[in-house]
Amino acid sequence: MKDTDSTLAQFDQAGAERLEKIYLTPDVVQQREQIFQLLDVKPGMHALDIGCGTGLTTLALAESVANAGRVDAIDIAPPMLAMAARRCSAHRQVTFHQADILQMPFAEATFDVALATQVYEYVADIDDALRELARVMKPGAQVLLVDTDWESCVWACRDEVRMRRMMQGWSQHIPHPQLPRTMRQRLQRAGFADVQAHTIPLMNMACSSDTFSGGMMGFIASFVGGLPDFGPQLAADWQADVRSMEDAGGYFFSISRYVFVAHKPLA
Ligand SMILES: C[S@@+](CC[C@H](N)C(=O)[O-])C[C@H]1O[C@@H](n2cnc3c(N)ncnc32)[C@H](O)[C@@H]1O
């Protein structure tokens, strides 16, 4: 299966709705606010939202560039684009495009600022994708990329062997489950300068559906349960184990998001 086929399967209508629920939890709302504090976006700018998903980041960009600015948002998955377009329907400065980040429908040196949260980890040809990003940015423009290293995930359970097996299955949902470790060198190779890195931790001490980990549990169980060598029984037993930690007052989840900020050199 090509990585774009796997991405489209994960972000069908049901996947889009599940993702939206997770991205509206207080955990992820707070994380988005922290990410936007690192973004240098101002009224009148031309901004790019790469892999816009639910459109929550597109909406925040639209409000930041205001009526004098413009936002172009791309995504490969039609259900995500439809959701994002509905969310931003009151903002005429936003245009959506169904496109692959490997081949963006924009001229060279178009954008002042670009944002991609949890997107590059889905793309096998990441170095080509970063060169394509450099192509569409203006000299001096800022890019901000957020990705997760799933080995930073700490999740309390009783059966550690099963937890490792589940995480091994989950690592197959993207071609680059440990992307942040190599992102700085990749950005530099693609021609970006002043690469800065930040971490944003996310922690849950309770397992409700209104938390990031409570929502992700269903996503992970559904993906790993569908893999031929793993199966739904393993996924169901894992979910029951992790949930049962709450009964003993021992529920614990944490993960790090890695934020990379870089600039296209002026000359
Ligand atoms: C985990 S979601 C993140 C959505 C959004 N950036 C956010 O943080 O709210 C990943 C998104 O990247 C999109 N995506 C993955 N690979 C892509 C590609 N090659 N080209 C364009 N979009 C892609 C998916 O369709 C999905 O909407």
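Reading the values: rules and limits
- Here the residue numbers are simple positions, counted from 1 along each chain's written sequence.
- A pLDDT threshold of at least 70 governs which residues receive local features in this predicted model, and a stricter bar of 80 or more applies before side-chain atom pairs are shown or counted, although totals over entire chains, interfaces and linings include all residues.
- Here a helix means four or more residues in a row that DSSP labels H or I, a strand means two or more in a row labelled E, and each is numbered from the N terminus.
- Each radius of gyration is computed over the set of C-alpha atoms, and the globule rule expresses the reference value as 2.2 Å times the number of residues to the power 0.38.
- Put simply, a residue is buried when 20 or more other C-beta atoms lie within 10 Å of its own C-beta and exposed when 12 or fewer do; between those, it is partly exposed, and each C-beta is set from the backbone.
- Nearness is defined per residue: the C-beta atom, placed using the backbone, must lie within 6 Å of the molecule or strand.
- Side-chain classes follow a simple rule in which Ala, Val, Leu, Ile, Met, Phe, Trp, Tyr, Cys and Pro form the nonpolar group, Asp, Glu, Lys and Arg form the charged group, and the remainder, Gly included, forms the polar group.
- When DSSP finds at least two bridges between two strands, those strands are taken to pair.
- When the strands point away from the viewer and the path from the first strand over the helix to the second turns clockwise, the crossover is right-handed.
- To obtain each axis, a line is fitted to C-alpha atoms, and for helices this fit is confined to the stretch in contact; angles are then taken between N-to-C directions over 0 to 180 degrees.
- Any angle between 65 and 115 degrees counts as roughly perpendicular, while under 35 counts as roughly parallel, over 145 as roughly antiparallel, and the rest as oblique.
- It is the rotation of the near helix from the far one that decides the hand of a crossing: anticlockwise by less than a right angle makes it left-handed, clockwise makes it right-handed.
- Contacts are defined on C-beta atoms placed from the backbone: any two residues whose C-beta positions lie within 7 Å are in contact.

Tell me what's going on with the overall build of the chain, and back it up with residues and numbers.
When its secondary structure is counted, the chain shows 10 helices and eight strands. Here the C-alpha atoms of the chain give a radius of gyration of 19 Å, agreeing with the 18 Å that 2.2 N^0.38 yields for 267 residues. For the chain, the spread of C-alpha atoms along the three principal axes comes to 55 × 40 × 35 Å. The proportion of buried residues among the 267 residues of the chain is 42%.

Describe the site of the ligand, naming the residues involved and giving the relevant values.
With respect to spatial proximity, 22 residues lie near the ligand, and among them G51, G53, I76, A77 and T117 are the closest. Of all the secondary structure elements, the ones that give two or more residues to the shell around the ligand are α1 (3-10), α4 (56-65) and β2 (70-75). For the shell around the ligand, a count of residues per class yields 12 nonpolar, eight polar and two charged.

Give a detailed account of the pairing of strand β1 (residues 46-50), specifying residues and quantitative values.
Judged by how many residues are buried, β1 sits mostly within the fold: four of five residues are covered. Summarising the sheet, β1 and β2 pair through five bridges and their orientation is parallel. For H46, the partnering residue across the bridge sits in β2 and is R70. In this fold, the crossover linking β1 to β2 by way of α4 has right-handed handedness. Of the strand pairs in this sheet, β1 and strand β4 (residues 111-117) are connected by three bridges, and their pairing is parallel. Its bridge partner lying in β4, A47 is registered against V113.

Just give me the short version of the packing of helix α7 (residues 160-170) against helix α10 (residues 232-244), but keep the residues and values in it.
For the pair α7 and α10, the least separation of the axes is 10 Å and the interaxial angle reads 125°. One way to sum up the angle between α7 and α10 is to call them oblique. In the crossing of α7 with α10, the sense of the turn from one axis to the other is left-handed. Along its contact with α7, which presents R162, M163, R165 and M166, the element α10 presents L234, D237, W238 and D241. Taken together, the residues of the contact of α7 with α10 break down into four nonpolar, no polar and four charged.

How would you explain α4 if you had to name every residue and give the values?
Within α4, seven of the 10 residues are buried, which leaves the element mostly enclosed by the surrounding structure. All of the buried residues in α4 are L56, T57, T58, L59, L61, A62 and V65. Once α4 finishes, A66 follows within two positions and takes phi at roughly 60°, a positive value.

Quick rundown of the pairing of strand β5 (residues 137-148)? Include the residues and the values.
If a strand is regular, its side chains alternate between the two faces of the sheet. Among the 12 residues in β5, nine count as buried, and that is most of the element. One ladder, built from six bridges, connects β4 with β5; its direction is parallel. Each residue of the ladder has a partner; that of A116, found in β5, is L145. Handedness of the crossover joining β4 and β5 through helix α6 (residues 126-136): right-handed. Note: β5 against strand β8 (residues 253-263), seven bridges, orientation antiparallel. Within β8, the position partnered with Q142 by the bridge is H263.

On their own, these measurements won't tell you what the molecule is for.
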